[in-house]
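Structural description and commentary
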Amino acid sequence: NLRRVTPAPVMAQVAEVFRELQTAEYAPAYAHLVHSRDAYDARPRNDLIVCSEAFDALESVAKTRLQMPTATFGNVLAVCRQRTLFVPQVIDTLQQFWTLANSHFRHGMTEPFALGSAEVDYVYTSCLGGMLLFSRLA
């Protein structure tokens, strides 16, 4: 299998996320993560699938960690804000990221998919970071 070459720190983060999500608890998130990685590594890369599956994995990790199986990511963020699980700026950033996802690559997106290559890289790696953020909640 071919794998895209990314900087070593990013590859370390990718490996960490895959390691942490290989549990029964995170099985749905892991399946989305695998689909995202496969789309990322595909030739040509399937950018829409990369973004949508990576965000679905992030949402699944967050919902699993907070035990909110039927919630939306927005519901999860509201609980994070109520419980002060993260500093307000991190929650604000996640809120903006959710808006980006809903506008560009999630169900009911309001604009045709048009993210550039670097933007797709940003979404993919940001979702990975978000998964670690939620999976490591104390």
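What comes next is a walk through the structure. Just so we're clear, the structure is a prediction, and the values are computed from it rather than from any experiment. (Residues numbered from 1 in each chain as written. Predicted model: local features only at pLDDT ≥ 70, side-chain atom pairs only at ≥ 80, totals over all residues. Heavy atoms only, no water.)

**Some remarks on the environment of Ser-36**
Stated formally: Counting from the N terminus, the helices are DSSP H or I runs at least four residues long and the strands are E runs at least two residues long. Any two residues whose heavy atoms approach within 4.5 Å at even a single point are treated as in contact.
Within the element layout of this structure, Ser-36 appears in helix H2 (residues 27–41). Considering only alpha carbons, one finds Ser-36 and Val-50, 14 residues apart in sequence, at a separation of 4.4 Å. Not counting residues up to four positions away in its chain, the partners in contact with Ser-36 are Ile-49, Val-50, Glu-53, Ala-54 and Tyr-124.

**As for the packing of helix H4 (residues 73–83) against helix H5 (residues 88–104)**
Applicable threshold: Angles shown run from 0 to 180 degrees and are taken between the N-to-C directions of axes, each axis being a line fitted to C-alpha atoms and, for helices, limited to the stretch in contact. Any angle between 65 and 115 degrees counts as roughly perpendicular, while under 35 counts as roughly parallel, over 145 as roughly antiparallel, and the rest as oblique. Asp, Glu, Lys and Arg are counted as charged, while Ala, Val, Leu, Ile, Met, Phe, Trp, Tyr, Cys and Pro are counted as nonpolar; the rest, among them Gly, fall into the polar class.
Running from amino to carboxyl end, H4 crosses H5 at an angle of 170°, the nearest separation of the two axes being 10 Å. In terms of their interaxial angle, H4 and H5 are classed as roughly antiparallel. Contacts from Phe-73, Gly-74, Leu-77, Cys-80 and Arg-81 in H4 reach Pro-88, Ile-91, Asp-92, Leu-94, Gln-95 and Trp-98 in H5. Here the residues of the contact of H4 with H5 are counted per class, giving seven nonpolar, two polar and two charged.

**A short note on the environment of Leu-132**
Basically, it comes down to this: Residue burial is assigned from relative accessible area. The probe radius is 1.4 Å, only protein chains are included, and a residue is buried under 20% of its type maximum, exposed over 50%, and partly exposed in between.
Inspection of the secondary structure assignment puts Leu-132 in helix H6 (residues 117–135). In this structure Leu-132 comes out as buried when scored by relative accessible area, which is 10%. Leu-132 sits 71 residues away from Val-61 along the chain, and the two C-alpha atoms are 8.8 Å apart. Contacts of Leu-132, omitting those with residues within four sequence positions, involve Gln-13, Glu-16, Val-17 and Glu-20.

**Topic: the packing of aromatic side chains**
Given two aromatic rings, one states the distance between the centres and the angle between the planes to describe the pair. Operational definition: Ring pairs shown here join Phe, Tyr and Trp side chains whose ring centres sit within 6.5 Å, with only the six-membered ring taken for Trp; geometry is labelled stacked below 30 degrees between planes, edge-to-face above 60, and tilted in between.
Taken as a whole and assessed by the stated rule, the structure comprises eight aromatic pairs. Ring geometry for Tyr-40 versus Tyr-124: centroids 4.5 Å apart, planes at 10°, classification stacked. Of this pair, Tyr-40 sits in helix H2 while Tyr-124 sits in helix H6; the two residues are 84 residues apart in sequence, bridging distant segments of the chain. A residue is classified by how much of its surface remains accessible, and Tyr-124, at 4% relative accessible area, is buried. Both rings, one in Phe-55 and one in Phe-73, keep their centres 5.1 Å apart while their planes meet at 70°; by these two values the pair is edge-to-face. Of this pair, Phe-55 sits in helix H3 (residues 47–65) while Phe-73 sits in helix H4, placing them 18 residues apart in sequence. Site record: aromatic cluster; members linked through ring pairs are Phe-55, Phe-73, Phe-86, Phe-97, Phe-105, Tyr-122 and Phe-134.

These results come straight from atomic positions and should not be treated as a statement about function.
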